[in-house]
Amino acid sequence: MNTDENEHDQVGAYVLDALSDEERLAFERHLAGCEACQAEVADLQRVVDVLPLACDAVEPSPALRDRLMAAIEAEQDERAPLVAIPGGRTAPRGRMRWRLPEIVGIAAAAILVIGLGLWNVHLQQQINQDRSALAYQQQVAQAIAAGAAVSSIPATSKSPGASAAVVQPRNRRPAYLIVQGLKPAAARHVYEVWFIRGHAKPVPVTVFSPAGSEPQVVPLPMSASGYTLAAVTVEPGRVQAPTGPMVLAGPLTA
Amino acid sequence: MVSDEQSDNDLIAAIQRRDARALEKLYDRHRVLAYSLALRLLGSPGDAEDVVQEAFLNVWRAAHTFRADRSSGRSWVLSVVHHRAIDKLRNRQSRPQSVALEEGMNRADSMDVWQDVAARLTGQMVRGALDALPREQRETIELAYFRGYTQSQIAEHLDIPLGTVKGRMRIALQKLKLLLEGSQVELSTE
């Protein structure tokens, strides 16, 4: 057991990050009331602060910067008002308002906020240019308003910054995948969606290519009902069993 | 507005106001040191990049906790990187060997030339000061700071009493301070 007296000896280990979590908490309690230790920590911390300079300088890959800023942007979007609900609310950062069909009420908008945090009003501009995307958007909105199950499908380490959700309408109708942040696949490669039930072989669902950086609705030809997992892999064209790296994967909500 | 003249503290203040460009600028300024530190600790470029990304996300989320009166912006960022790297190291089943820096890694080549020269000179002085420590003190710093050992693990690894480890770390840092002050390495905060 540490007494206050021997807590003084922890100063060096504290500034070097060499205390266990328990030891660190105990020392910080002591530190709060010990001026001598506070002064020594401040003094030695200045030495520790220059230790990173002893490392040989190595440049990280340029992709790291892109991933970091994509993650920051995603966090900003999650915290911003998500969609303009009927009656019209100003979209964040001065962008155009997105008027969902009247059928989408406040409850549906709330579900969107909770379930599809990344699906924001950026979609407006894309939708204006793409009527089929708008049609899918309306279908998804209607499905959610009617009680569809929404499952978040997070990115794996192969695709940091990406995110997705599967929207499963009621009555076992075909599902939708909403995806954002996937980079274009390599030449002659596509993203393939899989549904998985327990330990059975993954079932190929469809293939798609990302349509820019904005959220994208991918209509799926089958229902996700009865499946427990959804995943997306990179494949050299449509294949019957996954071979490429998995970029998105997550459990499906019943 | 974010400009080249802004200090780290200015950038962190802007990050507190949710200015993503300030975070980007802070990252650009310290990415090489942050990544080099993470790589030295973790040995794996992939893990090092994960840690740097997590650390800057932490900076973004917790900018309001930064205390300019207690440390410089650079020190704060690097301490976040170090904490994250240590957490990752301690969660590993086994430790990697020390990083061999010659093994196919790209040395930084896009830093501003003067900044690069200054950093390299300072780095040489810090390495020189570390080399000037008695071997057992240098070894203790290496195991603790660059390899993520706790003081108890160091005692076990070197088969010496815990009290000796504590004493060596303190004395080593005090001696380093004197050596660095003698070599004109800037120890004060920005």
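Residues numbered from 1 in each chain as written. Chains lettered and ligands numbered in written order. Predicted model: local features only at pLDDT ≥ 70, side-chain atom pairs only at ≥ 80, totals over all residues. Heavy atoms only, no water.

Trainee: I'm lost on the sheet that holds strand β4 (residues 190-196) of chain A in this one. Help?
Mentor: Note on sheets: strands pair through backbone hydrogen bonds, and any given pair is parallel or antiparallel. Residues and elements named next belong to chain A. Overall, antiparallel pairing links the four strands, which are arranged β5-β4-β7-β8 in an open sheet. Each edge of the open sheet is held by one strand with a lone partner, namely β5 (203-208) and β8 (246-251). Each neighbouring strand pair of the sheet contributes to a mean axis angle of 20°, computed without reference to strand direction. By the bridge criterion, five bridges tie β4 to β5 in an arrangement that is antiparallel. Across the sheet, the residue bridging to Tyr191 is Phe208, located in β5. (Pairing = 2+ DSSP bridges. Helix = DSSP H or I, 4+ residues; strand = E, 2+ residues; numbered from the N terminus. Axes fitted to C-alpha atoms, helices over the stretch in contact; angles between N-to-C directions.)

Trainee: Can you walk me through the sheet that holds strand β1 (residues 149-154) of chain A in this structure?
Mentor: All names here are of chain A. With antiparallel pairing, the four strands of this open sheet are ordered in space as β1-β2-β3-β6. Each having just a single partner strand, β1 and β6 (216-219) make up the two edges of the open sheet. Across the sheet, the mean angle from the axis of one strand to that of its neighbour is 20°, orientation sign disregarded. In this structure, strand β3 (residues 176-180) lies alongside β6, joined through four bridges in antiparallel fashion. By the bridge assignment for β6, Leu177 is matched with Val218.

Trainee: Just to check I follow, could you spell out the interface of chain A and chain B for this structure?
Mentor: In many reports, interface size means the accessible area that the parts give up when they come together. Taken together, the contact pairs 43 residues of chain A with 60 residues of chain B. Among the residues chain A hides against chain B, the three largest losses belong to Leu53, Val58 and Glu59 of chain A. Together they make up 14% of the total. Our count for the chain A to chain B interface comes out at eight salt bridges. Joining chain A to chain B, the criterion identifies 22 residue pairs in polar contact (both at pLDDT 80 or more). For the side of chain A that touches chain B, the elements supplying multiple residues, two or more each, are α2 (11-15), α4 (35-50) and α5 (62-79) of chain A. In terms of residue class, the side of chain A that touches chain B is built from 24 nonpolar, six polar and 13 charged. (Contact = heavy atoms within 4.5 Å. Buried area = accessible area lost by both parts, 1.4 Å probe. Salt bridge = Lys/Arg side-chain N within 4 Å of Asp/Glu carboxyl O. Polar contact = N/O pair within 3.5 Å; in protein donor to acceptor, adjacent residues only side chain to side chain. Nonpolar A, V, L, I, M, F, W, Y, C, P; charged D, E, K, R; others polar.)

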